[in-house]
Amino acid sequence: MSLRIAIHGKPFTGETKSLMEDLWADILSKNCQITLSDVFKAHLLEHHFEVNQIPAYSSTEGPDQVDMAWSIGGDGTLLETLTHIGHKTTPILGINTGRLGFLATISPQEVSQALDFLIEGNYRVEERGLVEVKSDVDLFENKSFGLNEVGIMKTDTSSMIVIKAYVDGKYLNSYWADGLIVSTATGSTGYSLSVGGPLVMPTSDIFIIAPMSPHNLNVRPLVVSSNTHLRFEVSSRSQNFLISIDSRSKVVDSQFSIEVQKAPFPARLIKIPGDDFLQTLRNKLNWGLDARN
């Protein structure tokens, strides 16, 4: 029985078209049942790929009756693919066509072998906790979940904002800062890392609350259980600020209160033999690169 694979990818340029052609040939050679996201199919047609007969799924509704989803691009493309999948929790494989990512870790040269592993069933599925935003306004059109983080940030033109934080109903702190990030364990290698948050093993059941450029330098990132219920009241002198989930963002133009908690469903990422987070960590952060080694 052939694998049923939904595929979403980022737009590519003329310079990288040959890479995509080789990748596409590898995929077709295994006689898998393919369905494409509507936006990726349109892009492939623009570049004269013969995909007219391949069915497409709606990016809004997501694919049905597939065994797995493939993301072709980088970490951002995988996060986008996750918004297609949502509560269906279809396992996702990340193929990286650019620089090494933390989420999309399979290189195009490894695709043929990866397909063999998948056909043989020689892979594992790793569950990752998601973060979810709740508010009085539907800011993200029923896709209010993220794999990496929720961000509450000032806009480019505003001064610092004040964020009152509550943990399970108890007052934690008022952050005078450029913003605040609530990161998942997976997101510890993302935005949270750049503001001084800790590195965390990605399957850990935690959230990281990390301020961005806090006015008080003794305010540090805090790790809490992902079962914690978080609430934030935000005010700004300019009466506007930004709320983001992963790579999606909305400008809010008034005082606002949002709740952040663990989403009721996980993301499920496919890991083939040799795909190891610690190895990726060493490669990505250049750990151990020293003349003595």
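Computed from a predicted model, the values in this text were never measured in an experiment.

*Asks:* Would you mind going over the UniProt feature "active site" (unreviewed entry) in the chain with me for this structure?
*Replies:* Under the UniProt annotation, "active site" (unreviewed entry) lies at Asp 75. When neighbours within four sequence positions are excluded, Asp 75 is seen to be in contact with Gly 101, Phe 102, Leu 103 and Ala 104.

*Asks:* How should I be thinking about the side chain of Thr 186 in this particular structure?
*Replies:* Among the structural elements, Thr 186 can be located in the loop between β12 (179-184) and α5 (191-194). Residue class for Thr 186 comes out buried when judged on its relative accessible area of 4%. In this structure the side chain of Thr 186 is engaged in a polar contact, spanning 3.1 Å, whose partner is the side chain of Arg 128. Excluding its chain neighbours within four sequence positions, the residues that come into contact with Thr 186 are Leu 103, Arg 128, Leu 147, Asn 148 and Pro 202.

*Asks:* Explain helix α2 (residues 38-46) to me, please; I cannot follow it from the model alone.
*Replies:* Given 3.6 residues per turn, any residue in an α-helix points the same way as the ones three and four places further on. All buried positions along α2 are accounted for by Phe 40, Lys 41, His 43 and Leu 44. Projected down its long axis, α2 shows its buried positions confined to an angular sector of 160°, all on one face. Lining the buried residues of α2 we find β1 (4-9), α1 (17-29), β2 (33-37) and β3 (56-57).

*Asks:* How should I be thinking about unusual backbone geometry in this particular structure?
*Replies:* Peptide bonds are trans in most cases, and residues, glycine excluded, mostly fall at negative phi. Positive phi, normally seen in glycine, also occurs at Asn 31, with a value near 55°. Following the sequence through the fold, Asn 31 ends up in the loop between α1 and β2. Despite not being glycine, Glu 141 has its phi angle at roughly 50°, a positive value. Structurally, Glu 141 is set in the loop between β7 (131-134) and β8 (145-146). The class of Glu 141 is exposed, set by a relative accessible area of 61%.

*Asks:* I'm lost on the nonpolar core in this one. Help?
*Replies:* Side chains of a nonpolar character, in soluble globular proteins, are inclined to be buried together. The biggest cluster of nonpolar side chains holds 29 residues, and the ones touching the most others in it are Ile 7, Trp 24 and Trp 70. Of all elements in the fold, only β1, α1, β2, α2, β4 (68-73), β5 (92-96) and α4 (111-120) reach the threshold of two or more residues within this core. When neighbours within four sequence positions are excluded, Trp 70 is seen to be in contact with Ile 5, Ala 6, Ile 7, His 8, Ile 27, Leu 93, Ile 95, Val 111, Leu 115 and Leu 118. Counting residues in hydrophobic clusters, the runner-up holds 27 residues, among them Leu 139, Ile 161, Ile 243 and Val 260.

*Asks:* I'm lost on α4 in this one. Help?
*Replies:* Looking only at α4, the buried set comprises Val 111, Ala 114, Leu 115, Phe 117 and Leu 118. Looking straight down α4, one finds its buried side chains confined to an arc of 160°; they lie on one side. Directly beyond the C-terminal end of α4, a positive phi value near 80° is found at Gly 121.

What counts, and where the lines are drawn
Residues numbered from 1 in each chain as written. Predicted model: local features only at pLDDT ≥ 70, side-chain atom pairs only at ≥ 80, totals over all residues. Heavy atoms only, no water. UniProt positions renumbered as here; feature names shortened; annotations may be inferred. Contact = heavy atoms within 4.5 Å. Helix = DSSP H or I, 4+ residues; strand = E, 2+ residues; numbered from the N terminus. Buried < 20%, exposed > 50% of the residue type's maximum accessible area, 1.4 Å probe, protein only. Polar contact = N/O pair within 3.5 Å; in protein donor to acceptor, adjacent residues only side chain to side chain. Arc of directions from axis to C-beta. Core = buried A, V, L, I, M, F, W, Y, C linked by side-chain atoms within 4.5 Å.

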